[in-house]
Amino acid sequence: AKLPRQALHLTHGRSSSALFVNVDADLYTSTVVVLKRVQDIIEAGDFLYFDEFTQVFDELRAFDELVDRTAMRFELVAATHDLVHVLFRRVAGQ
């Protein structure tokens, strides 16, 4: 999965605007690539959106591994009733 050029150039010195990452990779391996690519630039207040989150061996698994690997904390901001589409915001902490 390729990230848009502007996402590849983000650094911790970016403006105060929140980062919104639309993780529309669907498959596990693609989702892992996206999350590893952005894990060093996601700050408190930034968002991760998943569109196939109930697939436990794909997006959900990759997100779970991100949390385990980095100890980042996220809060659920919004979700469809079936949890297919979910939006998380990173909160302060690790």
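Given the structure is predicted, the values throughout are model-derived calculations rather than measurements.

Thresholds applied
- Residues numbered from 1 in each chain as written.
- Predicted model: local features only at pLDDT ≥ 70, side-chain atom pairs only at ≥ 80, totals over all residues.
- Heavy atoms only, no water.
- Helix = DSSP H or I, 4+ residues; strand = E, 2+ residues; numbered from the N terminus.
- Contact = heavy atoms within 4.5 Å.
- Core = buried A, V, L, I, M, F, W, Y, C linked by side-chain atoms within 4.5 Å.
- Buried < 20%, exposed > 50% of the residue type's maximum accessible area, 1.4 Å probe, protein only.
- Salt bridge = Lys/Arg side-chain N within 4 Å of Asp/Glu carboxyl O.
- Pairing = 2+ DSSP bridges.
- Axes fitted to C-alpha atoms, helices over the stretch in contact; angles between N-to-C directions.

Enquirer: What exactly am I supposed to notice about the overall build of the protein here?
Expert: Summing up its helical and strand segments, the protein has three helices and four strands in all. Overall, the protein shows an N-to-C arrangement of helices and strands of α-β-α-β-α-β-β. For the protein, the share of sequence-separated contacts (at least 6 apart) that also reach a separation of at least 24 residues comes to 66%.

Enquirer: I tried to follow the nonpolar core on my own but got confused; where do I start?
Expert: Soluble, globular proteins show a tendency: their nonpolar side chains are buried together. Ranked by size, the top nonpolar core spans 20 residues in total, and within it V23, L35, L48, F50, F63, F74 and F88 carry the most contacts. Within the residue set of this core, elements represented by two or more residues are β1 (20-23), α2 (28-38), β2 (47-50), α3 (59-70) and β4 (86-91). Considering each element in turn, this core owes the most residues, five residues, to α2. Discounting chain neighbours no more than four positions away, the residues touching F74 are I42, L48, F63, L66, V67, F88, R89, R90 and V91.

Enquirer: Quick question: what am I supposed to make of the pattern of salt bridges here?
Expert: Between side chains of opposite charge, pairing is possible as soon as their charged atoms come close. Within this structure, the stated rule accounts for two salt bridges. Between R61 and E65 there is a salt bridge; the shortest N-O distance is 3.3 Å. Pair noted here: R61 and E65 are both in helix α3, with a separation of four residues, about one helical turn. A relative accessible area of 25% means that E65 is categorised as partly exposed. In this structure, E75 and R89 form a salt bridge, with 2.7 Å as the shortest nitrogen-oxygen distance. Here E75, found in strand β3 (residues 73-79), pairs with R89, found in strand β4; they are 14 residues apart in sequence, far enough to count as distant. Accessibility expressed as a relative area gives 31% for E75, which makes it partly exposed. According to the relative accessible area criterion, R89 is partly exposed, its value standing at 29%.

Enquirer: What exactly am I supposed to notice about the sheet that holds β4 here?
Expert: Strand pairing within a sheet occurs via backbone hydrogen bonds; the two strands may be parallel or antiparallel. In space, the four strands of this open sheet follow the order β1-β2-β4-β3, with mixed pairing throughout. Of all strands in the sheet, those bounded by a partner on one side alone are β1 and β3. Neighbouring strand axes in the sheet, compared pairwise and without regard to direction, differ in orientation by 25 degrees on average. Across the sheet, α2 lies against β1 and β2, angled at about 165 degrees from β1, the strand it touches most.

Enquirer: Sorry, what's going on with α2 here?
Expert: Given 3.6 residues per turn, any residue in an α-helix points the same way as the ones three and four places further on. Within α2, the full set of buried residues consists of Y28, S30, T31, V32, V34, L35 and V38. Buried positions along α2 lie against β1, β2 and α3.

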